[in-house]
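# Descriptive structure summary
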Amino acid sequence: MSVAVKTICCIGAGYVGGPTMAVIADKCRDLKVIVVDLNKEKIDSWNNEDLSKLPIYEPGLKELIKRCRGKNLFFSTKVKQSIAQSDMVFISVNTPTKQSGLGAGEASDLKYIESSARSIAEYAIGHTIVVEKSTIPVKTAEVIKTILISSQNDLKKKSSKSFSVLSNPEFLAEGTAIDDLINPSRVLIGGESTSSINALVNIYKNWVDEEKIIKTNIWSSELSKLTANAFLAQRVSSINSISALCEKTGADISEVAKAVGMDYRIGKNFLKSGPGFGGSCFKKDILNLVYICKLYGLNEVANYWNEVLEINHWQQNRLTNIILKKLFNTATNKKIGILGFSFKANTNDTRESPAINICTNLLIDGANLSIYDPKVKFQEIYNNLKDFKNSEDISFNYEDRICMASSYEELANGADAILILTEWNEFKKIQWSKISKLMRKPSWIFDCRDIIDLNDFVESDLNIWKLGFGSNVDNLK
Ligand code: UDX
Ligand code: ADP
């Protein structure tokens, strides 16, 4: 048996809510899908006629919005009305790491989840299936349930509301979100009520093979999401730790990763070394795992996962130190070009981007930064560096030492070094011979994303340093 679902609402129009609901609307034309957010500016951007002004950049998203918006997909700030008319409500709000109080620095702040649950409790009518989609710590469903049940009790006499809570974690990766949503490796649904689970299964069944839909209890579902992200992050930290050893021993990380990854038991994905993982999930999810392990007295497990984060931070600082060493131990008054600021290619998201820490380190050492990213706006870069500076209690001002370059030539002009931090495809087409003429000598290119083919530089007067490439003579200089 399953509950008939005609209208769904998603609270939170961000990187998860927006693309997920766009795909559901496209695949289920009989459903009415409303995405709500308290942020009016964001909703206005989702409703903008000019599709290049959508609040997030994600390949394939514009096309979906064009097909569905105004037909069965709506973006609105009307939280109350939208919840009231929905049979199923997804919670897709942000869950940042707590900055103060109990669990500060580790536990997720559930204030947005809590306020969403309170809104649902207040405005829902009849039976409502509540689906947690946000990345959340284990046991969040319990918080949601408690809030919903207490409202049921409160209002028992006045109206007949009832709720069931499901966990349906999102496994999409930014940059490939639409593809991941259309062809998921699996869909995980945790819950107790069979009819509610089936209602959600019926939605996914419109385009996902039923074999790929896993039904579990709610806690397994929540913990699976944290564990999957922790495992992926662990692979990145593992290969990054080996990148340092490659540089010392003359091995090349791309060759090592290929040889290791061809073992079918290991697999080739997530073995690309780089400046460290970023994004809104990996760090937060591991911190949640560490927090919950400590809570249950599993200190060894907590320490084990914490090391994955330590290596990530160490990799970013290690890179800064290498750059400074090549620049005669100081960046003061030197111009450094930064190619890429988003945490990975094909997204405008900068949350936890390694660029934030690396750029701050260089600014602390006195560098002037000229930054270029195809999709990230200057204000976003500026705010990120400012917030990071404030959170780390760095006292001096460096706002006038950051600027946005509008072309590769502008970025390179007079620069002592160029640092590639994001693997944007367009960086592969840069004509380095042109760039070389514009830079101050000696000039350095630091390739942290394996973008550059060293064969193109045999005759070049640029010094190239490639992360994890011990065979490159410049790495050993
Ligand atoms: C991740 C999970 O992949 C996704 O399933 C979950 O829903 C959300 O968190 P996301 O953070 O969007 O997705 O991107 P992902 O592709 O996982 O990359 C995370 C970080 O790891 C990026 O900074 C990326 O550059 C880095 N990375 C990834 C590497 O450095 N090397 C790799 O081989 C893979
Ligand atoms: P994610 O990557 O998890 O999607 P985002 O920060 O991109 O996170 O998006 C989360 C969205 O949720 C934000 O746009 C925020 O304004 C919205 N939000 C947070 N709390 C509420 C709430 N109580 N009601 C409606 N929207 C909310």
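The structure we're discussing is the one just above.
Predicted model, so just to flag it, every value in this text is computed and none were measured.

Here we take up the sheet that holds strand S2 (residues 32-36). Sheet architecture is open: eight strands sit in the order S3-S2-S1-S4-S5-S6-S7-S8, paired in mixed fashion. Among the strands making up the open sheet, the edge pair consists of strand S3 (73-76) and strand S8 (213-216). Each adjacent strand pair in this sheet contributes to an overall mean axis angle of 25 degrees, direction not counted. Alignment of strand S5 (residues 127-132) against strand S6 (residues 162-167), held across six bridges, turns out to be parallel. Bridging from a neighbouring strand, Val130 pairs with Val165 of S6. The strands touched by helix H5 (residues 111-123) within the sheet are strand S1 (7-11), strand S4 (88-91), S5 and S6, with S4 carrying the most contacts at an inclination of about 165 degrees.

Near ligand 2 lie 16 residues; those nearest to it are Val16, Asp37, Lys42, Ser115 and Arg351. Tyr15 is positioned such that a nitrogen or oxygen atom in its backbone is 3.1 Å from an oxygen atom of ligand 2. A distance of 2.8 Å separates an oxygen atom of ligand 2 from a polar atom in the side chain of Arg351. Summarising the interface, the protein chains cover 89% of the accessible area of ligand 2, which totals 580 Å² for the free molecule. Here the shell around ligand 2 gets three residues from one element, more than from any other, and that element is H5. Looking at the shell around ligand 2 residue by residue, the class counts come to six nonpolar, seven polar and three charged.

Counting across every chain of the model gives 20 salt bridges. Of the charged contacts in the structure, one is a salt bridge between Arg118 and Glu114, with a shortest N-O distance of 2.8 Å. You can see Arg118 and its partner Glu114 sitting in helix H5, four residues apart, about one turn around the helix. Given the relative accessible area of 47%, Arg118 is considered partly exposed. Between Asp450 and Lys466 there is a salt bridge; the shortest N-O distance is 2.6 Å. Of the two residues, Asp450 sits in the loop between strand S13 (444-447) and strand S14 (463-466) while Lys466 sits in strand S14, which places them 16 residues apart along the sequence.

Moving on, we come to the site of ligand 1. What surrounds ligand 1 is a group of 19 residues, the closest being Phe171, Leu172, Glu174, Lys272 and Lys344. Interatomic distance of 2.9 Å between a backbone N/O atom of Gly278 and an oxygen atom of ligand 1. For ligand 1, an oxygen atom lies 2.9 Å from a polar atom in the backbone of Phe343. Coverage of ligand 1 by the protein chains reaches 90% of its 660 Å² of free accessible surface. In terms of residue count, helix H9 (residues 218-249) provides more of the shell around ligand 1 than any other element does, four residues in total.

A word on the sheet that holds S14. One open sheet accounts for six strands, arranged S11-S10-S9-S12-S13-S14; its pairing is parallel. Each having just a single partner strand, strand S11 (402-404) and S14 make up the two edges of the open sheet. Each strand axis lies, on average, 20 degrees off the axis of its neighbour in the sheet, ignoring direction. Bridge analysis of strand S9 (residues 335-339) against strand S12 (residues 417-420) gives four bridges, and the strand direction is parallel. The partner of Ile336 across the bridge, within S12, is Ala417.

Moving on, we come to the nonpolar core. Grouped together as the largest cluster of nonpolar side chains are 45 residues, with contacts concentrated most on Ile8, Ile24, Leu73, Met88 and Ile203. Tallying contributions element by element places helix H8 (residues 194-204) first for this core, with six residues. Apart from the residues within four sequence positions on either side, Ile24 is in contact with Ile8, Leu31, Val33, Phe90, Ile203 and Trp207. Grouped together as the second largest cluster of nonpolar side chains are 32 residues, Ile322, Phe341, Ile356 and Leu385 included.

One pass over the structure, following the stated rule, counts 13 aromatic pairs. Taking the centre distance of 6.2 Å and the plane angle of 50 degrees together, the rings of Trp432 and Phe457 count as tilted. Here Trp432 is found in helix H16 (residues 432-438), whereas its partner Phe457 is found in the loop between S13 and S14, with 25 residues between them in sequence. Here Trp432 and Phe457 have matching classes, each one buried. A network of ring pairs unites the aromatic residues Phe231, Tyr304 and Trp305 as a single cluster. Here Lys389 stacks its cationic end above the ring of Tyr398, 5.5 Å away from the centre of that ring. Above the face of the Phe469 ring, Lys466 is positioned so that its terminal group lies 4.6 Å from the ring centre.

Rules used throughout
Residues numbered from 1 in each chain as written. Chains lettered and ligands numbered in written order. Predicted model: local features only at pLDDT ≥ 70, side-chain atom pairs only at ≥ 80, totals over all residues. Heavy atoms only, no water. Pairing = 2+ DSSP bridges. Helix = DSSP H or I, 4+ residues; strand = E, 2+ residues; numbered from the N terminus. Axes fitted to C-alpha atoms, helices over the stretch in contact; angles between N-to-C directions. Contact = heavy atoms within 4.5 Å. Near = heavy atom within 4 Å. Polar contact = N/O pair within 3.5 Å; in protein donor to acceptor, adjacent residues only side chain to side chain. Areas by Shrake-Rupley, 256 points an atom, 1.4 Å probe, with all protein chains shown as cover. Nonpolar A, V, L, I, M, F, W, Y, C, P; charged D, E, K, R; others polar. Salt bridge = Lys/Arg side-chain N within 4 Å of Asp/Glu carboxyl O. Buried < 20%, exposed > 50% of the residue type's maximum accessible area, 1.4 Å probe, protein only. Core = buried A, V, L, I, M, F, W, Y, C linked by side-chain atoms within 4.5 Å. Phe/Tyr/Trp six-rings, centres within 6.5 Å; stacked < 30°, edge-to-face > 60°. Lys NZ or Arg CZ within 6 Å of the ring centre and 35° of its normal.

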